[in-house]
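In case you want the letters, here they are:
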Amino acid sequence: MIVAKTGNEAMAYAMKQINPDVVAAYPITPSTEIVQIFSSFVADGLVDTEYVAVESEHSAMSACIGAAVAGARAMTATASQGLALMHEMLFIASGLRLPIVMCVASRSLSSPLNIHCDHSDSVASRDAGWIQIFCENSQEGYDSVIQAVKIAETCYLPVMVAIDGFILSHCMDRIEVLEDEQVQKFIGKLKPNYSLLDVKNPITVSPACLPDSYFEHKRAQAQGMNDALPIIEKVIADFAQAFGRNYPVLEGYRTDDAEVVVLVMGSTVGTARIAVDEMRLKGEKVGMVKLRFFRPLVYQRMKERLGRFKVVGVLDRVESVNSYVSPLATEVRACLYDVNPCPLVPSYVYGLGGREITPDDIMAVFDELLAMNKKGKMKDEVTYVGVR
Amino acid sequence: MASLKELCKEPELFSSGHRACAGCGEVLAVRQVLLAAIKPVVCVMPTGCLEIVSTIYPHTAWQVPMFHNAFENAAATISGVEAAYKVLRKKGIINQDINFIAFGGDGGTYDIGFQALSGAVERGHRFLYVCLDNEAYMNTGIQRSSATPFGAHTTTSPAGEKIPGKMQWRKEIVEIMIAHDIPYAAQTTIQNWNDLANKVRKALSINGPSFINILVPCPLGWGYPSEKTIEMSRLAVETCFWPLYEWENGTYRLNYTPKEKKPVTEWLKGQDRFRHLFKPENKNLLDEFQKEVDRRWERLVRRTQTNY
């Protein structure tokens, strides 16, 4: 069925079709609508969900964790300060290997206050042990939420699905939605490893671990994320086969004969596609690589796919204050370090606090990248695109 | 009414061999609560003494399901557990009644976990929140909380040359819970097991949130010999510093009135944390302490008489 929906509406609709056992959430711009719409599904009896209208995002994640430990399928939605307030609990959700799925409408972090899009919120939770999916458009947002449930419950890892705040969350788009039964069949039933509610087999969950055991727990958790890629790619392939929409973890756009590419996450992928087309019209052999997963970092795929380019310009919608280069560029440089010859990996930061990024901006980046390719030398430090 | 004979027959659900200090009031309270509880129960606790003494991996003292999440969110966590129970019960995945108990210290209840507690009570989840009130952050080494009594020396309200200990009065957490129009709230202590057991049973038979504040003396934090825990608990009641009372269906009830109200110094003098108050120059502080205990006691008596 084809419908007109905003990104928030599409994600809320996916949640309705998933019909989770528990949703605990707190409103925050620009993700408020997700919980608002979802609570209307609850009020109208369209879902079986227990909706816990908590008093903060910290409590939202705490309640989701409680529900998941009790063996329930739990979901939430947030953004920005809300995700920051949850920060502590993100680590507990992943440390307990709980398959919680969270919708995020990406937004900058205060101060100064700003409600518009950048990736400060999700990228700041990079080390929290969550799988992180960045979506190009609302269709992908909708599809990713459904995939996320399957991925989370197969890997026993929590997943956040990020759509760009306002740019996607509030923009009406053409969305192809699945039938409820198709969604239910795809996600299947949750099979929790244990339940706190199993009173006949009482367990203590999340005890204190001293230096003699903590390290092993964290090492095992890291392995869980290291092992996630094949599971993710299987879910993506199954989804593509069932519904005809394919979203690889790393997707090249007009990269076959390209020496120079940009690497992008989120809605700017769409903008970059136009910029590539424009550059191609001018006869420049440039391309774009879309990165869908920031965690797990798909370094195997990145080595395979990015290593062959001469220049990989990394566009990051986040400022990591005083890091040598931006967060994604740091990862790419580390990843390609042992590739010989190693591509130039210049770092660009754009679009903070919702500052618009246009095809022209990205074409200007391409001009710089082409010049670097010619010289065989890059500007080492971060370039800020569109800052006045 | 729980009889001692009856309670003795109940299996111990909090095992011996845990790492609590000798004379720890907190674990006595947990054992009493679990003996009295209507089973089965599923429990949650925040980070604190209780978690550290009862769960060091791979050991656990808990014979009932127990989930430790973080410090400030026991009530939010149990909200999620209870919400999961409701929906799984509806779906037929869970087929029996379960009672939910959160055990928090005064730090996790009065202070850092207060917002989550207020939210969970307002939302009306069916759970009992037990505050194990030992009047300071004992787990991190005796720092003041908003439950710490006036004048007490703690490591963050030290009795110094200029400031003689904590200069604020403790927060009346039970009254704050009552202000939520909670169906059941009570205050008790470990010395009166019968009172405690009855309150736990009443609380768990309520279809909604309930709250019990239990005074649990701490030998290390209060500075008294470990064999005096029950005496400390009794003196707190006999001096009317710690009234045993409850709030049920909109009505106050005083559960115990001492035949002869002891001066509060009887309770204070056995504790190192109040030792400085007994210096001659601090006599005014002791007087002030007594005055405030009297004021609060009389206010409570008035409330129970008029059902204010």
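Remember, predicted model here, so these are calculated numbers, not experimental data.

**Here's the deal with the overall build of chain A**
- Scanning chain A from terminus to terminus reveals 13 helices and 16 strands.
- Against the globule reference of 21 Å for 388 residues, chain A gives a C-alpha radius of gyration of 21 Å, in line with a compact fold.
- In terms of overall dimensions, chain A has C-alpha extents of about 70 × 55 × 45 Å along its principal axes.
- Looking at chain A residue by residue over its 388 residues, the buried ones come to 55%.
- The long-range fraction of contacts in chain A, counting pairs at least 24 apart against all pairs at least 6 apart in sequence, stands at 80%.

**Quick word on the interface of chain A and chain B**
- Contacts between the two partners involve 40 residues from chain A, matched on the other side by 37 residues from chain B.
- Sorting the residues of the side of chain A that touches chain B by element identifies strand 2 (22-24), strand 3 (50-52), helix 3 (57-69), helix 4 (80-95) and strand 9 (204-205) of chain A as the ones contributing at least two each.
- The biggest single contributor to the side of chain A that touches chain B is helix 3 of chain A, with 9 residues.
- Its residues assigned to classes, the side of chain A that touches chain B comprises 25 nonpolar, 10 polar and 5 charged.

**Brief notes about the sheet that holds strand 14 (residues 311-316) of chain A**
All names here are of chain A.
- Reading across the sheet, the 6 strands line up as 10-12-11-14-15-16 and stay open at both edges, with mixed pairing between neighbours. Each edge of the open sheet is held by one strand with a lone partner, namely strand 10 (250-253) and strand 16 (383-385). Mean inter-strand twist for the sheet, computed between neighbouring axes without regard to direction, equals 25°.
- By the bridge criterion, 3 bridges tie strand 15 (residues 347-350) to strand 16 in an arrangement that is parallel. Counterpart to Tyr350 in the pairing with strand 16 is Val385.
- Against the sheet, helix 10 (residues 268-281) engages strand 10, strand 11 (260-264), strand 12 (286-291) and strand 14, with an angle of about 170° to strand 12.
- Lying over the sheet, helix 12 (residues 327-336) contacts strand 11, strand 14 and strand 15, oriented at roughly 150° with respect to strand 14.

**Side note on the nonpolar core**
- Counting residues in each nonpolar core, the largest one holds 224 residues, and the members touching the most others are Ala67(A) and Val81(B).
- If one sorts the elements of this core by residue count, helix 4 (residues 74-90) of chain B sits on top with 10 residues.
- Each of domain 1 (2-241) and domain 2 (250-385) of chain A gives at least three residues to this core.
- Contacts of Ala67(A), omitting those with residues within four sequence positions, involve Asp21(A), Val22(A), Ala24(A), Ala72(A), Ala74(A), Gly80(B), Val81(B), Ala83(B) and Ala84(B).

**Side note on the domain arrangement of chain A**
Residue and element names in this part refer to chain A.
- You can read the domains of chain A as domain 1 (2-241) and domain 2 (250-385).
- The C-alpha-based centres of domain 1 and domain 2 are spaced at 28 Å.
- Each side of the interface is counted separately: domain 1 has 26 residues, and domain 2 has 20 residues.
- Sorting elements by how many residues they give to the side of domain 1 that touches domain 2 places strand 6 (residues 131-134) first, with 4 residues.
- Of the residues that constitute the side of domain 1 that touches domain 2, the class distribution is 14 nonpolar, 8 polar and 4 charged.

**What about the sheet that holds strand 1 (residues 41-45) of chain B?**
- Strand order in this open sheet of 9 strands is 9(A)-2(B)-1(B)-3(B)-4(B)-6(B)-5(B)-7(B)-8(B), and the pairing throughout is mixed. A single partner strand is all that each edge strand has here, and the edge strands are strand 9 of chain A together with strand 8 (251-254) of chain B.
- Here strand 1 of chain B runs beside strand 2 (residues 66-68) of chain B; their pairing, made up of 3 bridges, is parallel. Following the sheet pairing, Val44(B) is matched in strand 2 of chain B by Phe67(B).
- Helix 4 of chain B rests against strand 1, strand 2, strand 3 (99-105) and strand 4 (128-133) of chain B of the sheet, and its axis sits at about 170° to strand 3 of chain B.

**Regarding unusual backbone geometry**
- The residue after Thr29(A), namely Pro30(A), is reached through a cis peptide bond having omega 0°.
- Here Pro30(A) shows up in the loop between strand 2 and helix 2 (32-43).
- Of note, the bond from Ser111(A) into Pro112(A) is cis; its omega dihedral lies within 30 degrees of zero at 0°.
- A positive phi angle, near 65°, is found at Phe166(A), a position not held by glycine.
- With respect to the element layout, Phe166(A) can be found in the loop between strand 7 (159-164) and strand 8 (173-176).
- The phi angle at Cys240(B) is positive, at roughly 65°, despite the residue not being glycine.
- Here Cys240(B) shows up in the loop between helix 10 (229-238) and strand 7 (245-248).
- C-beta crowding within 10 Å serves as the criterion here: with 22 such atoms nearby, Cys240(B) is assigned to the buried category.

**Some thoughts on helix 8 (residues 214-226) of chain A**
- Between its first and last C-alpha atoms helix 8 of chain A spans 19 Å; for 13 residues at 1.5 Å apiece the expected length is 18 Å, and the two agree.
- Buried residues are scarce in helix 8 of chain A, accounting for 0 of its 13 residues.

**With respect to the UniProt feature "domain: Thiamine pyrophosphate enzyme TPP-binding" (unreviewed entry) in chain B**
- Taken from the UniProt record, the annotation "domain: Thiamine pyrophosphate enzyme TPP-binding" (unreviewed entry) applies to residues 47-214 of chain B.
- Strand forms 16% of residues 47-214 of chain B and helix 34%; the C-alpha atoms that close the span are 18 Å apart.

**A look at the pairing of strand 3 of chain B**
Residue and element names in this part refer to chain B.
- Burial runs high along strand 3: 7 of the 7 residues are buried.
- Where burial is concerned, the two faces of strand 3 agree: the one with Asn99, Ile101, Phe103 and Gly105 and the one with Phe100, Ala102 and Gly104 are both buried.
- Summarising the sheet, strand 1 and strand 3 pair through 4 bridges and their orientation is parallel. Within strand 3, the position partnered with Val44 by the bridge is Ala102.

**Focus: the packing of helix 6 (residues 138-155) of chain A against helix 9 (residues 228-243) of chain A**
Residue and element names in this part refer to chain A.
- Running from amino to carboxyl end, helix 6 crosses helix 9 at an angle of 140°, the nearest separation of the two axes being 10 Å. What the angle tells us is that helix 6 and helix 9 run oblique. Handedness of the helix 6/helix 9 crossing: right-handed. Within the contact between the two elements, helix 6 uses Asp143, Gln147, Lys150, Ile151, Thr154 and Cys155 and helix 9 uses Ala228, Ile231, Ile232, Val235, Ile236 and Phe239.
- Split by residue class, the contact of helix 6 with helix 9 holds 8 nonpolar, 2 polar and 2 charged.

**Thoughts on the environment of Leu297(A)**
- Here Leu297(A) shows up in the loop between strand 13 (293-295) and helix 11 (299-306).
- Along the primary structure Leu297(A) and Glu331(A) are separated by 34 residues, whereas in three dimensions their C-alpha atoms are 8.1 Å apart.

**Re the confidence of the model for chain B**
- Averaged over all residues, the pLDDT of chain B equals 96, while 99% of them reach at least 70.
- Across the interface, the model reports ipTM at 0.97; the global pTM reads 0.98.

**Structural notes on helix 12 of chain A**
- Pro327(A), Leu328(A), Ala329(A), Glu331(A), Val332(A) and Leu336(A) are the residues of helix 12 of chain A that are buried.
- Buried residues along helix 12 of chain A sit in contact with helix 5 (120-124), strand 11, helix 11, strand 14 and strand 15 of chain A.

Cut-offs applied
Within each chain, residue numbers correspond to sequence positions counted from 1 in written order. Going through the entries in the order they are written, you letter the chains from A and number the ligands from 1. Totals for whole chains, interfaces and linings use all residues, but because this is a predicted model, local features are given only for residues with pLDDT of at least 70 and pairs of side-chain atoms are given and counted only at 80 or more. Numbered from the N terminus, helices here are DSSP runs of H or I no shorter than four residues, and strands are runs of E no shorter than two. In this treatment the radius of gyration is a C-alpha quantity, and the globule benchmark scales as 2.2 Å times the residue count to the 0.38 power. Backbone-placed C-beta atoms define the burial measure: a residue is buried with 20 or more other C-beta atoms within 10 Å of its own, exposed with 12 or fewer, and partly exposed in between. Placing C-beta atoms from the backbone, we regard two residues as in contact once those atoms come within 7 Å. Under this grouping Gly is polar, as are all residues other than the nonpolar Ala, Val, Leu, Ile, Met, Phe, Trp, Tyr, Cys and Pro and the charged Asp, Glu, Lys and Arg. Strands are labelled as partners when DSSP assigns at least two bridges between them. Here an axis means a line fitted to C-alpha atoms, over the contact stretch when the element is a helix, while the angle between two N-to-C directions is reported on a 0 to 180 degree scale. Think of a nonpolar core as buried Ala, Val, Leu, Ile, Met, Phe, Trp, Tyr and Cys residues chained together by C-beta atoms that fall within 7 Å. How far each domain reaches was decided by an automatic or database domain assignment. Working rule for helices: expected span equals 1.5 Å times residues minus one. UniProt positions are given in the numbering used here, feature names are shortened, and annotations may be inferred rather than shown by experiment. When an angle is under 35 degrees it counts as roughly parallel; over 145 it counts as roughly antiparallel; between 65 and 115 it counts as roughly perpendicular; any other value is oblique. Take the far helix as the reference: if the near one is turned anticlockwise from it by less than a right angle, the crossing is left-handed, and if turned clockwise, right-handed. Looking at any residue, its pLDDT shows the predictor's confidence there, from 0 to 100.

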